[in-house]
Amino acid sequence: MSNLRRYFGTSLVHEAAPFTGSRFEHLAGGGDREPVANVVTADDLIAVQTLSVRIPAQVALDLLEGDLGLRLATMLSDIPFDVDMVEVEAADLSKGAPADTAWRVLWDQPGIGWVTAGKLLARKRPRLLPVYDQVVRCILGRPTSFWLDLHGALRADNHALHRELLGLRQAADLPVTVSALRVCDVVLWMHHRTDHQQRSCIGT
């Protein structure tokens, strides 16, 4: 819980600052607000920068003004924005599902890797799709399908893990706009980030 408070800045001493990623889901009211839920905005592109990734300029322009943005908007319209991952079926997160298709389309863009593609989608669907990067992948042993593994874990034992994550959110005095998925990501990332940066883990 202390790591959550440190990351989001709910219990900082005077000169300390929260991590920039604490603004990821909250910047400009969030990426899943109804007026913008199905369109990538400039605010979304700034938001992903708070998680230490950047969208290349040409891809950013295509998302904001070009065909890529139109294609992604169509895909996003098929991905619910008002449900938690624990509430959907595995098929909604499997290969060929709208969420998976959107992720693959983004990953195919020049300069967009799997991490950046996932973070942009997590900005648009923070309750449904998780932030996922090399640090979290490393600590979890490089799962074949993180989305499906996490989905299964959240639904096991009558959603026990999902409830535990919501309990951590409440105990850390975080707003309800911080999803259970984001609590999970921050807890794992904060736990392993230093070891990972020092290359004392099993790899990236």
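This one's a predicted model, so the numbers in the text were calculated from it and none came from an experiment.

## Side note on the environment of Glu65
Within the element layout of this structure, Glu65 appears in helix H3 (residues 57-65). For the pair Glu65 and Thr41, spaced 24 residues apart in sequence, the C-alpha to C-alpha distance is 9.7 Å.

## Here we look at unusual backbone geometry
Positive phi, close to 65 degrees, is recorded for Ser52, a residue that is not glycine. Even without being a glycine, His159 presents a positive backbone phi close to 70 degrees. Along the chain, the position of His159 falls in helix H8 (residues 146-171).

## Re the packing of aromatic side chains
Inspection of every chain in the model, using the stated rule, returns eight aromatic pairs. Each ring, one from Phe19 and one from Trp189, has its centre 5.9 Å from the other, and the planes form 90 degrees; the classification is edge-to-face. Here Phe19, found in the loop between helix H1 (2-8) and helix H2 (42-49), pairs with Trp189, found in helix H9 (residues 180-197); they are 170 residues apart in sequence, far enough to count as distant. The class for Phe19 is buried, based on a relative accessible area of 19%. Ring centres of Tyr132 and Phe146 lie 4.0 Å apart, and the angle between their planes is 10 degrees; on these two criteria the pair is classed as stacked. In this pair, Tyr132 sits in the loop between helix H6 (114-124) and helix H7 (134-139) while Phe146 sits in helix H8, placing the two residues 14 residues apart along the sequence. Judged by its relative accessible area of 11%, Tyr132 falls in the buried class. Taken together through their ring pairs, the aromatic side chains of Tyr7, Phe8, Phe19 and Trp189 make up a single cluster.

## Re H6
The buried count for H6 comes to eleven of eleven residues, which makes it a mostly enclosed element. Along H6, the residues classified as buried are Trp114, Val115, Thr116, Ala117, Gly118, Lys119, Leu120, Leu121, Ala122, Arg123 and Lys124. Buried-residue contacts for H6 involve H2, H3, helix H4 (67-76), helix H5 (98-107) and H7.

## A closer look at the packing of H2 against H6
Put simply, H2 and H6 touch, their axes get as near as 10 Å, and they point 125 degrees apart. The pairing of H2 with H6 is recorded here as oblique in orientation. Crossing of H2 over H6 shows right-handed handedness. Between H2 and H6, the residues in contact are Asp43, Asp44, Ala47 and Val48 and Lys119, Leu120, Arg123 and Lys124, respectively. Among the residues making up the contact of H2 with H6, the classes are represented as three nonpolar, no polar and five charged.

Conventions used here
- Residues numbered from 1 in each chain as written.
- Predicted model: local features only at pLDDT ≥ 70, side-chain atom pairs only at ≥ 80, totals over all residues.
- Heavy atoms only, no water.
- Helix = DSSP H or I, 4+ residues; strand = E, 2+ residues; numbered from the N terminus.
- Phe/Tyr/Trp six-rings, centres within 6.5 Å; stacked < 30°, edge-to-face > 60°.
- Buried < 20%, exposed > 50% of the residue type's maximum accessible area, 1.4 Å probe, protein only.
- Contact = heavy atoms within 4.5 Å.
- Axes fitted to C-alpha atoms, helices over the stretch in contact; angles between N-to-C directions.
- Parallel < 35°, antiparallel > 145°, perpendicular 65-115°, else oblique.
- Left-handed = near helix turned anticlockwise from the far one by under 90°.
- Nonpolar A, V, L, I, M, F, W, Y, C, P; charged D, E, K, R; others polar.

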